[in-house]
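Single-letter residue listing:
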Amino acid sequence: MILTKTQLLPATDDSLALAARLLAEGELVAFPTETVYGLGAHAMDAQAVLGIFSAKGRPADNPLIVHIHDRSQLDGICEVNDAAIRLMDAFWPGPLTIILPRKDAVPDEVTAKLDTVAVRMPSHPVAMALLKACNLPIAAPSANRSGKPSPTSARHVFDDMDGRIPLIIDGGESDVGLESTVISLAGEKPCILRPGGVTKAMLEEVLGPVDLAGSILRPLEKGEKALSPGMMYKHYSPDGQVTLIEGEESAVVEALRRLYAHAASEGHRACVMCFTEHVAALADCHPHDIGSKDDPTEVAHRLFATLRGLDDEKMDVIFSEVVPPEGVGLAVMNRLGRAAAFRTVWSMVLYIALESGFMSSDTPGMFAPFNQ
Ligand code: AMP
Ligand code: MG
């Protein structure tokens, strides 16, 4: 691809005017939202949208979310139903993406030829100012290279997109830190395709019962169709191998200690991702603080920056604590599970295996029995 000089500018009236002009001309601009940074293009310009796929290295069959600042923009994009209006009233602007039947004017490049389209109105003031300044619907996936954790700062975007796009608008750290909740209202019953900051309970307060897509906490089964094409792909992965440790708190801390010691003794660049409360107990295990065990919102906020930091440190073996998969914790575990390719060790099983002599800490491939 042709290399472009990438400008990284603070969000000012001038930089937003430049961004709006570039978008209108079919160029790509990365901008902050309250979830993660987005990589935007004019949604009705098929050529511009194709640029997103090449800058990200994104598979063409993974559709994009269209961002708007005013509901009237939806007229040319999708069929709005009563349930959608109730959700928009309750959660827009904010971290909720709604899937609705599309209109023909939307390029196939945006929807990956599906008969639905994803729409969202972000709440970040810089995103809103940009959407207003250009007054265009903007297709914007997360501004990372495909397969990398989503960017929660302009620096992350620069690391992935330098030389690939003309402009990044810096609006500080993203607040939520995980991508938007995606709910489909295009089927018979509302269904959450991707969990995020707007939780199942919050949605059910507005809509009544809502389904959860099956593959949120597990890989797709062979032959299973992804309701949300993004779920087909290995997402959110650092370069190193992440393993999740489940179980009772003290057993998890002990398992982290033993697993770290084993990996370090084999010469790996190893570390643990643990709750603030366990950092002191794991001080010898290269701890990365993922936030308090009682605050999944904080864990969500830090997760992607932590995963990116592991790559910067060239970690190759990482062991992580987990949060209960409820509320925002469900969104955390959806991302963390994928970062670990769903590789999980139950701390009690590890204990019994080590204590009974079934395994010793130098058993080659000691995790293998626990990975299905
Ligand atoms: P990203 O913006 O990178 O967070 O990705 C957008 C997510 O929304 C991906 O997981 C897509 O697969 C999903 N998505 C976008 N449009 C649709 C659609 N029409 N139907 C189902 N999922 C969609
Ligand atoms: Mg993404």
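These numbers were taken from a predicted model, which means no experiment stands behind them.

*Asks:* Please explain the pattern of salt bridges as it appears in this structure.
*Replies:* For side chains of opposite charge, pairing can occur when their charged atoms come near one another. Enumeration over the complete set of coordinates arrives at 13 salt bridges. The salt bridge involving E254 is made with R258; its shortest N-O contact spans 3.3 Å. Residue E254 and its partner R258 are both found in helix α8 (residues 249-265); the two are separated by four residues, about one turn of the helix. Residue class for R258 comes out partly exposed when judged on its relative accessible area of 30%. With a closest N to O distance of 2.6 Å, E298 and R302 form a salt bridge. Taken together, the residues span about one helical turn, with E298 and R302 both in helix α9 (residues 296-312) at a distance of four residues.

*Asks:* For this particular structure, what's the right way to read the pairing of strand β10 (residues 191-194)?
*Replies:* Two faces make up the sheet, and in a regular strand the side chains alternate between them. For strand β9 (residues 181-184) and β10, the ladder comprises three bridges, and the chain directions are antiparallel. When the sheet's bridge partners are listed, S184 is paired in β10 with C191. Pairing of β10 with strand β11 (residues 211-212) involves two bridges; the strand directions are parallel. The residue of β11 that forms the bridge with I192 is L212. Between the parallel elements β10 and β11, the chain passes through helix α7 (residues 200-207) in a crossover that is right-handed.

*Asks:* Just checking my understanding: could you explain the sheet that holds strand β8 (residues 167-170) for this structure?
*Replies:* Across a sheet, paired strands are connected by hydrogen bonds in the backbone, their directions being either parallel or antiparallel. The mixed open sheet is built from eleven strands, whose spatial order is β1-β8-β2-β3-β7-β4-β6-β5-β9-β10-β11. The sheet is open, and its two edges are formed by β1 (7-10) and β11, each paired on a single side. Sheet topology places β1 next to β8; four bridges connect them, and they run parallel. Bridge pairing in β8 places Q7 opposite L167. Where helix α1 (residues 13-24) meets the sheet, it contacts β1, β2 (29-31), β3 (38-42), β7 (138-139) and β8, and its direction lies at approximately 145° from that of β8. Most of the contacts of helix α3 (residues 82-91) go to strand β5 (residues 96-101), to which it runs at about 165°, and overall it touches β5 and β9.

*Asks:* Could you clarify how one ought to interpret the packing of α1 against helix α5 (residues 125-134) in this entry?
*Replies:* In a packed pair of helices, the relevant descriptors are the angle between the two axes and the axis-to-axis distance. Viewed as axis vectors pointing N to C, α1 and α5 meet at an angle of 55°, and their least axial separation amounts to 9 Å. Looking at the two axes, α1 sits oblique to α5. Helix-helix and strand crossings are classified by hand; for α1 and α5 the assignment is right-handed. Of the residues in α5, those in contact with L16, A19, A20 and L23 of α1 are V126, A129, L130, A133 and C134.

*Asks:* Before we go on, may I ask you to explain the confidence of the model for the chain in this structure?
*Replies:* Detail in the predicted coordinates should be disregarded across regions flagged by low pLDDT. Residue-level pLDDT values for the chain average 92, and 90% of them are 70 or greater. Low pLDDT, under 50, characterises residues 364-372; the predicted model gives this stretch 21 contacts beyond four residues in sequence or across chains.

*Asks:* Would you mind going over the side chain of E179 with me for this structure?
*Replies:* For E179, the position within the fold is in the loop between β8 and β9. When its relative accessible area of 4% is taken as the criterion, E179 is described as buried. A polar side-chain atom of E179 sits 2.4 Å from a polar atom in the side chain of S150. Within the structure, E179 has its side chain in polar contact with the side chain of R335 (distance 2.8 Å). Apart from the residues lying within four places of it in its own chain, the contact partners of E179 are T35, V36, S150, R194, P195, G196, Y236, F304 and R335.

*Asks:* Looking at this model, I keep getting lost on the packing of α3 against α7. Mind explaining?
*Replies:* Contact geometry for α3 and α7: axes closest at 10 Å, N-to-C directions at 125°. One way to sum up the angle between α3 and α7 is to call them oblique. Read as a crossing pair, α3 and α7 show a hand that is right-handed. Residues A83, R86, L87, A90 and F91 of α3 form the contact with α7, whose own contacting residues are M202, L203, V206 and L207. For the contact of α3 with α7, a count of residues per class yields eight nonpolar, no polar and one charged.

Cut-offs used in this document
- Residues numbered from 1 in each chain as written.
- Chains lettered and ligands numbered in written order.
- Predicted model: local features only at pLDDT ≥ 70, side-chain atom pairs only at ≥ 80, totals over all residues.
- Heavy atoms only, no water.
- Salt bridge = Lys/Arg side-chain N within 4 Å of Asp/Glu carboxyl O.
- Helix = DSSP H or I, 4+ residues; strand = E, 2+ residues; numbered from the N terminus.
- Buried < 20%, exposed > 50% of the residue type's maximum accessible area, 1.4 Å probe, protein only.
- Pairing = 2+ DSSP bridges.
- Right-handed = clockwise from strand over helix to strand, strands pointing away.
- Contact = heavy atoms within 4.5 Å.
- Axes fitted to C-alpha atoms, helices over the stretch in contact; angles between N-to-C directions.
- Parallel < 35°, antiparallel > 145°, perpendicular 65-115°, else oblique.
- Left-handed = near helix turned anticlockwise from the far one by under 90°.
- pLDDT = per-residue confidence, 0-100.
- Polar contact = N/O pair within 3.5 Å; in protein donor to acceptor, adjacent residues only side chain to side chain.
- Nonpolar A, V, L, I, M, F, W, Y, C, P; charged D, E, K, R; others polar.

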